[in-house]
Amino acid sequence: MKEHFKYRFSDLFNPTLTALHVLGGSGSVDEIEDQVATILKLTDEQVNEIHRGNTTKLTYRLAWARNYLKHYGLLENSSRGVWALTEQGLKTKSIDKDVVNKKVAAESKKGRLSKETPKEVEPIDEAENEEIERLSWQEQIIEELQNISPSSFERLCQRLLRELGFQNVEVTGRVNDGGIDGKGLLRLGGVLSFHVIFQAKRYKGSVSPSIIRDFRGAMVGRADKGLIITTGTFTREAKKEAQRDGAPPIDLMDGSDLAEKLKELRLGVDIELIEKVNIKKEWFKTL
C-alpha cells in the first residue's frame, strides 16, 4: 500500500527547527530537506510524492514552513539560498504551531493573498516570499521542457553545456549505449581537462538508483566524469548511489537545478524588473 505524504506545512515547523539545530545552525534547502526526511522517518514514496509539476509535497510545504518561521523571527536566509537560525532561533528548540500561524496570519492580512497558499491559515505576503515565487516559475519552465520532444531536450542540454564552458559537445543518442546521450570536454583554467558524458532524461517522475548504476557502468573507461540531467527529480537512494564511496561519482542536475541554470543563462527566460514606488508620507508633513 502506497504511503502518502500526510504532513501539513505547519507540521513541519518543529522538524525544520530541529534539522537546523542538528546541522549546526544553518543549512542549504537540500540539507534541511534531507534532515527533515530523516527526522520524520519518511519513506522514498513520501519524499517523492508530487505536489504539482516537478515540485514534491515535501519541498513545497517546507518552503512555506521556512518562510513562516522567518516571519516569526526564528530563521533568516541569504541570497545564496542558505537558511540559518536567528539569535532567537538558536534559543528555540520547539514552538507551538498555532501561535506561529496566528501571528503570521495577522501580519499577512496587510499584504495580498495567494491562491497557492496552504489552506490552514491566511498566507504571508507572497510579494516577500521569494522562495515560493521561485518554485512557481521553475514549474512553468519544467512544464515547457516536458512538452518538447526528446531530441529537442537533448539539443537543449547540448546548448546548456556549451554555455557553461564545455567544448566539443556532441549528442550521440545511440541505442543500447547505457543511456549515454552525449559527450563533451570540460577544461579548467586552460590546464586541466575532463572528458564528460551526459544523459538527458525528460522525466515527469523520479530517477531511480538503477538508472545511476546503469549509467555508471556505461561510463567506466570512457569518461572522467558523468552527468545526468533531468526535468524530474532524483530519489534519495539515487542521490546516495551517485556519490557512493568506492564508485566513480556522478553529478546530478534535477528539474529545479536545470530551471535555475536556464534562468541564469537567459535561455528561454526573460527577467523583467518591476519598479515599485513608495510614498514617504512623513516627508510631505515636514514641508
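We now turn to the structure provided with this report. This structure is a prediction, so every number in the text was calculated from the model and none was measured.

Observations concerning the overall build of the chain
Next up, step 1: For the chain, the helix and strand inventory stands at 12 helices and 12 strands.
Next up, step 2: Pairs at least 24 apart in sequence give 62% of the contacts found in the chain among residues at least 6 apart.
Next up, step 3: For the chain, the exposed surface amounts to about 16200 Å²; the carbon and sulfur share of it is 49%.

Observations regarding the nonpolar core
Next up, step 1: L12, F13, V36, L42 and L58 are the most contacted members of the largest nonpolar core, which has 29 residues in total.
Next up, step 2: If you list the elements that add at least two residues to this core, you get α1 (13-22), α2 (29-39), α4 (57-71), β5 (82-85) and α6 (97-108).
Next up, step 3: Looking at which element gives the most residues to this core, the answer is α4, with seven residues.
Next up, step 4: Residues contacting L58, with those up to four places away along its chain left out, are F5, E33, V36, A37, L42 and V47.
Next up, step 5: The next biggest cluster of nonpolar side chains, apart from the first, holds 20 residues, and it includes I141, F166, V196 and L267.

A closer look at a nonpolar patch on the surface
Next up, step 1: On the surface, V277, I279, W283 and F284 cluster together into a nonpolar patch covering about 470 Å² of accessible area.
Next up, step 2: Inspection of the secondary structure assignment puts V277 in the loop between α11 (255-264) and α12 (281-285).

Here's the deal with the sheet that holds strand β6 (residues 166-171)
Next up, step 1: Judged by pairing direction, the sheet is mixed, and its five strands sit side by side in the order β6-β7-β8-β10-β12 without closing on themselves. For this open sheet the edge positions go to β6 and β12 (250-253), each flanked by a neighbour on one side alone. Each strand axis lies, on average, 20° off the axis of its neighbour in the sheet, ignoring direction.
Next up, step 2: Two elements, strand β8 (residues 192-201) and strand β10 (residues 225-230), share six bridges in a ladder whose sense is parallel. If you follow K201 over to β10, its bridge partner there is T230.

So, a negative patch on the surface
Next up, step 1: On the surface, a cluster of negative charge is made up of D30, E31, D34 and D257.
Next up, step 2: Per-element tally for the negative patch: the top contributor is α2, with three residues.

Thoughts on the pattern of salt bridges
Next up, step 1: Within this structure, the stated rule accounts for 12 salt bridges.
Next up, step 2: K97 is the salt-bridge partner of D11, the closest N and O atoms lying 2.6 Å from each other. With a gap of 86 residues between them, D11 in the segment before α1 and K97 in helix α6 connect regions that are remote in the sequence.
Next up, step 3: Relative accessible area serves as the criterion here: at 22%, D11 is assigned to the partly exposed category.

Side note on α6
Next up, step 1: With 12 residues, α6 ought to run about 16 Å at 1.5 Å a step, and its terminal C-alpha atoms sit 16 Å apart, in line with that.
Next up, step 2: Buried residues of α6: V100, N101, V104, A105 and S108, and no others. In a view along the axis of α6, the buried residues occupy a sector of 120°, so they form one face of it.
Next up, step 3: On its buried face, α6 sits against α1 and α4.
Next up, step 4: The residue sitting at the N-terminus of α6 and contributing the capping side-chain oxygen is D96; that oxygen lies 2.9 Å from the backbone nitrogen of D98.

What counts and what doesn't
- Residues numbered from 1 in each chain as written.
- Predicted model: local features only at pLDDT ≥ 70, side-chain atom pairs only at ≥ 80, totals over all residues.
- Heavy atoms only, no water.
- Helix = DSSP H or I, 4+ residues; strand = E, 2+ residues; numbered from the N terminus.
- Contact = heavy atoms within 4.5 Å.
- Areas by Shrake-Rupley, 256 points an atom, 1.4 Å probe, with all protein chains shown as cover.
- Core = buried A, V, L, I, M, F, W, Y, C linked by side-chain atoms within 4.5 Å.
- Buried < 20%, exposed > 50% of the residue type's maximum accessible area, 1.4 Å probe, protein only.
- Patch = residues over 30% accessible without salt bridge, like charges linked within 9 Å, V, L, I, M, F, W, Y side chains within 5 Å.
- Salt bridge = Lys/Arg side-chain N within 4 Å of Asp/Glu carboxyl O.
- Pairing = 2+ DSSP bridges.
- Axes fitted to C-alpha atoms, helices over the stretch in contact; angles between N-to-C directions.
- Lys, Arg positive; Asp, Glu negative; His and termini not counted.
- Charge placed at Lys NZ, Arg CZ, Asp CG, Glu CD.
- Expected span 1.5 Å × (residues − 1).
- Arc of directions from axis to C-beta.
- Polar contact = N/O pair within 3.5 Å; in protein donor to acceptor, adjacent residues only side chain to side chain.

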